[in-house]
Structures are given as C-alpha cells and as structure tokens.
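# A closer look at the structure
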Amino acid sequence: MASDASSCANPLDPNRTEVILALLSGTGVASVLLCAVAIVLVLVLRLYRSLVYRLAVYQVLAAFLYGIVCALQMFSKDDNYQRANTSLCQAIAFLMLYFQWVKLMFTIWITAHLFFFAVFYRNLKKWELVYVLSSILIPIVIAIVPFTTGSYGLAGAWCWVQNWKSDCPLNISTSGVIEQFTLWYGPALVFYAIDSVAVVVIAIVLIRRACKDSQEIKWQQHKEALTQMLPLLAYPITYTILLLVPIATRVHNARSHDPSTLDYSLLGTTGTCMSLWGLAAGVSLLIHICVMKNRSQRKWSEKCQYGSLVSEGTTVYNRSTSDANTFFELPENEIGDSNSTNSF
C-alpha cells in the first residue's frame, strides 16, 4: 500500500512546483496591475466612447480577471505543495477555464470585426451587444461541463481540468484528456489556424489597396478609421503567439503517460505564457493609446498651423482686396475625415 501511495504522489518536485506557481501567479499579478492602469487610463481620457477602444477594453478587462485567477493559483496549495481536490481548487479551475474562453471569444470577435471592415468595408458596430453577450454566456456553458463529470482538480502544477483518476498521476483519465482537448486545446488550435489566415488576408488586402486603389473614394473614406482600428491586430497576434507554448506542452505530455518524463522547463514556460496573455493585452492597450494620442496631437498641431495661415491670409485679404489668393478655405474632405472617425 505504501508503494502504491508513493507511486500516486504528485510527480512534480515540490521545489519546482513552487517555482512554476510563482511564475504563473507572479506574472498574473503583474498582468492585473498593468491592465488596471490601462483601464483607468481609458476611463480618465473617456476613450470608451469609441468602439475601437471599447473592443480593446473588453479584451483587457477579460485579461484583468484572468490575471486574478492566475494569482489565486498560489493559494490553492498546502505547505507541501500536495494539493487535494478541494472546493477552492475546483472553483479556481472553473474560473481559469471560464476566463480563458472569455479572452478567446473577445479575441475572435476583434479578428472578425477587423476582417469584415478591412476586406468588405462592413462596420459591425451594431453587433457590439452580440460580442459582449456571447463572450460572457458561451464560456459559462463550456466551463460547467467539467463540473458534471467531476474533472476539475489538480492538473499538474495548478488547478484546471484534471486528466488523472483518484488523484493518481499514473491512473490516466481518458475522459479528462478528451475534455481538455474538446473544451480548450482543440478549439484554441482551430482558432489559431483561422486567426493566422485572417491576419494574413487583412495584411495582403490593405497592402494591395494602398498600392493600387489608393484613389478610390471608398478606400479614402475608410482610411482614417482603419488607422485607428489596425492597432487592434496586436491582440490576436500576441494571443496566438503565446498560445503556441501551452498547446505544444499539452501535445508533448499527451505523447507520454509516464509522469517522470514531464518537462519542468516547458511547464514553467507554459505557466508564464498563460498569464502573459493579460500582460500582453495591457501593454497593447497602453501602446495603442499612446500612438493614437500622439497622432491626434500631430493632426491638431497641423490644423492649428493651417488655421494660423488662414488667419494671416484673411488679414492680407482685408488689407489688399486685389490679392484674394492669400485666403485659404478648409477643404471639405478634411471636415469629412474629422467627422467620420467619431463613429468608430
């Protein structure tokens, strides 16, 4: 009995488990702080009035809550890092899978919004409520499934969908493995493929139109809005890059049923990449705000300079009516651009 108990102990070394959890939770805390700063900045600057920034805020808010769950993983252990499937561990596992899906859903909608706007000139602004409701409700349905099968628990170094039976690493649960792939890794891999293709298509379309169709009226009308929306590509791009490591780790572990073959460095990298989803979202939003604010200030400075020229031209015109060419009028397309961007 003693040998059976030892063989079914947690295969991860307690010291290494502590390092992995520290990476996961520590990066989660950093993500929470950075996302909080980004969200506060959006509120202070009242950028939420723009759909572009609201889409980004949804993404960052999901990352903020996901970072909190990652940080909570550290509190689900005991002194020996041998955690039983307590209610706390199961609750954390549920929240982990739920917010993973919330983050994924908002990323899918951002990609779809950019794709239809850039390729088909269609603004899906009216679908915003669908974006939000589907990203909140669909993950709940998915995250409830492991509760019905009792699969939530200790899965390696952290709490998630468990692929063991009776807390024994040598007793592989086929249903748990299936749930891991059907509820997360499979859909995530499909999204990774679709998102990669969509990003490439968007880039190709924009480059071709910029080179060949730059004089089209429709293209000119959308150019300003696209300039504001393109930074949203940073969210699906960084997300899919960071998604590669967890998928590779799960495939690697699925090939071997021997816990002694676990790659600790790969597990540590997986934990870091998972919590980096939030950090990357916060950084992307802060960079987005800085870039667009600098661009707005440049445009405002140019308009101010243009306004001074108008003033000077009017003065000269008043002094000498014979030289009417010094009077400048604001072009109609300039007015149209400034008004059109407010709708995005």
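Residues numbered from 1 in each chain as written. Predicted model: local features only at pLDDT ≥ 70, side-chain atom pairs only at ≥ 80, totals over all residues. Heavy atoms only, no water.

### Brief notes about the overall build of the protein
Using the following cut-off: Numbered from the N terminus, helices here are DSSP runs of H or I no shorter than four residues, and strands are runs of E no shorter than two. Each residue's exposure class comes from its accessible area (1.4 Å probe, protein chains only) as a fraction of the maximum for that residue type: buried when under 20%, exposed when over 50%, partly exposed otherwise. Should any heavy atoms of two residues lie within 4.5 Å, those residues are counted as being in contact.
The secondary structure content of the protein amounts to 10 helices and 4 strands. Order of helices (α) and strands (β) in the protein, N terminus to C terminus: α-α-α-α-α-β-β-β-β-α-α-α-α-α. In the protein, which comprises 344 residues, the share counted as buried stands at 43%. Sequence-distant contacts, at least 24 apart, represent 79% of the contacts inside the protein between residues at least 6 apart.

### A word on the pattern of salt bridges
Heads up, the condition is: Here a salt bridge means any side-chain nitrogen of Lys or Arg lying within 4 Å of a carboxyl oxygen belonging to Asp or Glu.
Counted under the stated rule, the structure contains 1 salt bridge. With its nearest N and O atoms 2.7 Å apart, the salt bridge here joins Glu128 to Arg54. Note that Glu128 is positioned in helix α5 (residues 128-149) and Arg54 in helix α3 (residues 51-72), a separation of 74 residues in sequence. Of the two residues, Glu128 and Arg54, both sit in the buried class.

### Details of the environment of Tyr192
Along the chain, Tyr192 turns up in helix α6 (residues 174-212). Between the C-alpha atoms of Tyr192 and Ile108, which are 84 residues apart in sequence, the distance is 9.8 Å. Those residues in contact with Tyr192 that sit more than four places away from it in its chain are Thr240 and Leu244.

### Quick look at the environment of Ile172
Of note, Ile172 is situated in strand β4 (residues 168-172). On a C-alpha basis, the gap between Ile172 and Gln162 in space is 9.4 Å, while along the polypeptide they are 10 residues apart.

### Things to note about the state of the cysteines
Spelled out, the test is: Cysteine sulfur pairs qualify as disulfides if the two atoms are within 2.5 Å.
Under the defined criterion, the tally for this structure stands at 1 disulfide. Between Cys89 and Cys159 runs a disulfide, and the two sulfur atoms are separated by 2.0 Å. Between Cys89 and Cys159, the S-S dihedral sits near -115°, and the bridge is therefore left-handed. Taken together, the residues span a long stretch of sequence, with Cys89 in helix α4 (residues 87-120) and Cys159 in strand β2 (residues 158-161) at a distance of 70 residues. For Cys89, a relative accessible area of 0% puts it in the buried group.

### Remarks on helix α2 (residues 14-45)
Residues lying three or four places apart along an α-helix face the same way, a consequence of the helix completing one turn every 3.6 residues. Under the convention used in this document: A helix's residues, less one, multiplied by 1.5 Å, set its expected span.
With 32 residues, α2 extends 46 Å from end C-alpha to end C-alpha; this agrees with the ideal 46 Å at 1.5 Å per step. One or two steps after α2, the chain reaches Arg46, where phi turns positive at roughly 60°.

### Some points on the nonpolar core
Keep this limit in mind: Residue types Ala, Val, Leu, Ile, Met, Phe, Trp, Tyr and Cys, when buried and joined through side-chain atoms within 4.5 Å, form a set referred to as a nonpolar core.
Ranked by internal contacts, the top residues of the largest apolar core, which has 77 residues, are Trp160, Trp184 and Leu285. At 18 residues, α4 tops the list of elements feeding residues into this core.

### Observations concerning the side chain of Ser275
Mapping Ser275 onto the fold places it in helix α9 (residues 264-319). Not counting residues within four places of it along the chain, the set of residues in contact with Ser275 comprises Leu23, Leu24, Thr27, Gly28, Ser31, Tyr66 and Cys70.

### Here we look at unusual backbone geometry
Positive phi is not limited to glycine here, since Arg46 has a value of about 60°. Position of Arg46 among the secondary structure elements: in the loop between α2 and α3.

### Some words on the environment of Ala71
Structurally, Ala71 can be placed in helix α3. Classification of Ala71 as buried rests on a relative accessible area of 15%. In this structure the C-alpha to C-alpha distance between Ala71 and Ser31, which are 40 residues apart in sequence, comes to 9.5 Å. Once you skip the residues sitting within four places of it in the chain, Ala71 turns out to touch Ser25 and Val29.

### A closer look at α4
Over its 34 residues, α4 extends 49 Å from the first C-alpha to the last, a length consistent with the 50 Å expected when each residue adds 1.5 Å. Taken across its 34 residues, α4 has 24 buried, putting it largely inside the fold. Positive phi appears at Tyr121, one or two residues downstream of α4, with a value of about 60°.

### Quick look at the confidence of the model for the protein
Rules: On a scale of 0 to 100, pLDDT captures the predictor's confidence in every residue.
Looking at the protein, the pLDDT average stands at 76 and 68% of residues meet or exceed 70. When mean pLDDT is taken per element in the protein, α5 scores highest with 93 and helix α10 (residues 332-340) scores lowest with 36. Note that residues 309-343 has pLDDT below 50 and, in this model, 21 contacts with residues that lie over four places away or in other chains.

### Thoughts on the pairing of strand β1 (residues 152-155)
Just so we agree on the cut-off: When DSSP finds two or more bridges between two strands, those strands count as paired.
As paired elements, β1 and β2 share 4 bridges and run antiparallel to each other. By the bridge assignment for β2, Gly153 is matched with Trp160. Taking the residues that link successive antiparallel strands as the turn, the β1-β2 hairpin has 2 residues, and the phi of Gly156 there is positive, at about 85°.

### A short note on the packing of aromatic side chains
Basically, it comes down to this: Paired rings are identified among Phe, Tyr and Trp, the last through its six-membered ring, by centres lying within 6.5 Å, and are further divided according to the angle between planes into stacked (under 30 degrees), edge-to-face (over 60) and tilted (the rest).
One pass over the structure, following the stated rule, counts 17 aromatic pairs. With centroids separated by 5.8 Å and ring planes inclined at 70°, the aromatic side chains of Phe115 and Phe120 adopt a geometry described as edge-to-face. Here Phe115 falls in the partly exposed class, since its relative accessible area comes to 22%.

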